[in-house]
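If you want the building blocks of each chain, they are given just below.
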Amino acid sequence: NFFPPVPTASDETWQSLVLEAKGAVLVEFWAPWCGPCRMAHPVVAELSRQYAGKAKFYKLNTDDSPSTATKYGIRSIPTIIIFVDGVKRDAIIGAVPKTTLTATIEKLL
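Keep in mind the model is a prediction, meaning the values are calculated, not measured.

What follows concerns helix H2 (residues 35-50). End to end, H2 covers 24 Å across 16 residues, agreeing with the expected 22 Å (1.5 Å per residue, within 8%). The sharpest bend along H2 comes to roughly 25°, located at His41, with the proline Pro42 sitting one to four residues further on. Structurally, H2 contributes buried residues whose contacts are with strand S2 (24-30), strand S3 (55-61), strand S4 (79-84) and helix H4 (98-108).

Now for the packing of aromatic side chains. Inspection of every chain in the model, using the stated rule, returns four aromatic pairs. Ring geometry for Trp14 against Tyr72: centres 5.4 Å apart, planes inclined by 55°, an arrangement best described as tilted. Taken together, the residues Trp14 in helix H1 (residues 14-19) and Tyr72 in the loop between helix H3 (66-71) and S4 connect sequence positions 58 residues apart. Just as Trp14 is buried, Tyr72 falls in that class too. An angle of 80° between the planes, with centres 5.4 Å apart, marks the rings of Trp14 and Phe83 as edge-to-face. Separated by 69 residues along the polypeptide, Trp14 in helix H1 and Phe83 in strand S4 bring together distant segments of the chain. Through a chain of ring-to-ring contacts, the aromatic side chains of Trp14, Phe29, Tyr72 and Phe83 assemble into a single cluster.

This part covers the state of the cysteines. According to the stated counting rule, one finds one disulfide in the structure shown. Between Cys34 and Cys37 runs a disulfide, and the two sulfur atoms are separated by 2.2 Å. Between Cys34 and Cys37, the disulfide has an S-S torsion of 85° and is therefore right-handed. The same class applies to Cys34 as to Cys37, namely buried.

Using the criterion set out here, one finds two salt bridges in the structure. Among the salt bridges present, the one from Lys98 reaches Glu46, with a minimum N-O distance of 2.8 Å. Here Lys98, found in helix H4, pairs with Glu46, found in helix H2; they are 52 residues apart in sequence, far enough to count as distant. Exposure remark for Lys98: the relative accessible area of 28% places this residue in the partly exposed category. Given the relative accessible area of 28%, Glu46 is considered partly exposed. With a shortest N-O distance of 3.2 Å, Lys107 and Asp90 are connected by a salt bridge. On the criterion of sequence distance, the pair formed by Lys107 in helix H4 and Asp90 in strand S5 (residues 87-93) is long-range, its members being 17 residues apart. You can call Lys107 exposed: its relative accessible area is 58%.

Thresholds applied
- Residues numbered from 1 in each chain as written.
- Predicted model: local features only at pLDDT ≥ 70, side-chain atom pairs only at ≥ 80, totals over all residues.
- Heavy atoms only, no water.
- Helix = DSSP H or I, 4+ residues; strand = E, 2+ residues; numbered from the N terminus.
- Expected span 1.5 Å × (residues − 1).
- Bend = angle between axes of the 7 residues up to and from the residue.
- Contact = heavy atoms within 4.5 Å.
- Phe/Tyr/Trp six-rings, centres within 6.5 Å; stacked < 30°, edge-to-face > 60°.
- Buried < 20%, exposed > 50% of the residue type's maximum accessible area, 1.4 Å probe, protein only.
- Disulfide = S-S within 2.5 Å.
- Salt bridge = Lys/Arg side-chain N within 4 Å of Asp/Glu carboxyl O.

Structure, rendered in structure tokens:
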């Protein structure tokens, strides 16, 4: 039951990976010291497999990439933001059940 790791986005790759991407991109903002983030990781990894080919998934470490986190007003983590064609469409704050994320993704696809 191993999920491949979700690739990392950073301040440097944000423009090309997220803003210039076509279609849906889900980004999990997290940090290594964040307990609830550890609960969110496997859910995001599972969804990335479930939606392979339909949406792209990335994780952004807010400690490593503070300017992107600041730009989107990330105050509490985990925060998951879903972009469509480079535009922020929805944000989910906190570790939420998979069903909540699935419902949000489905309405944006």
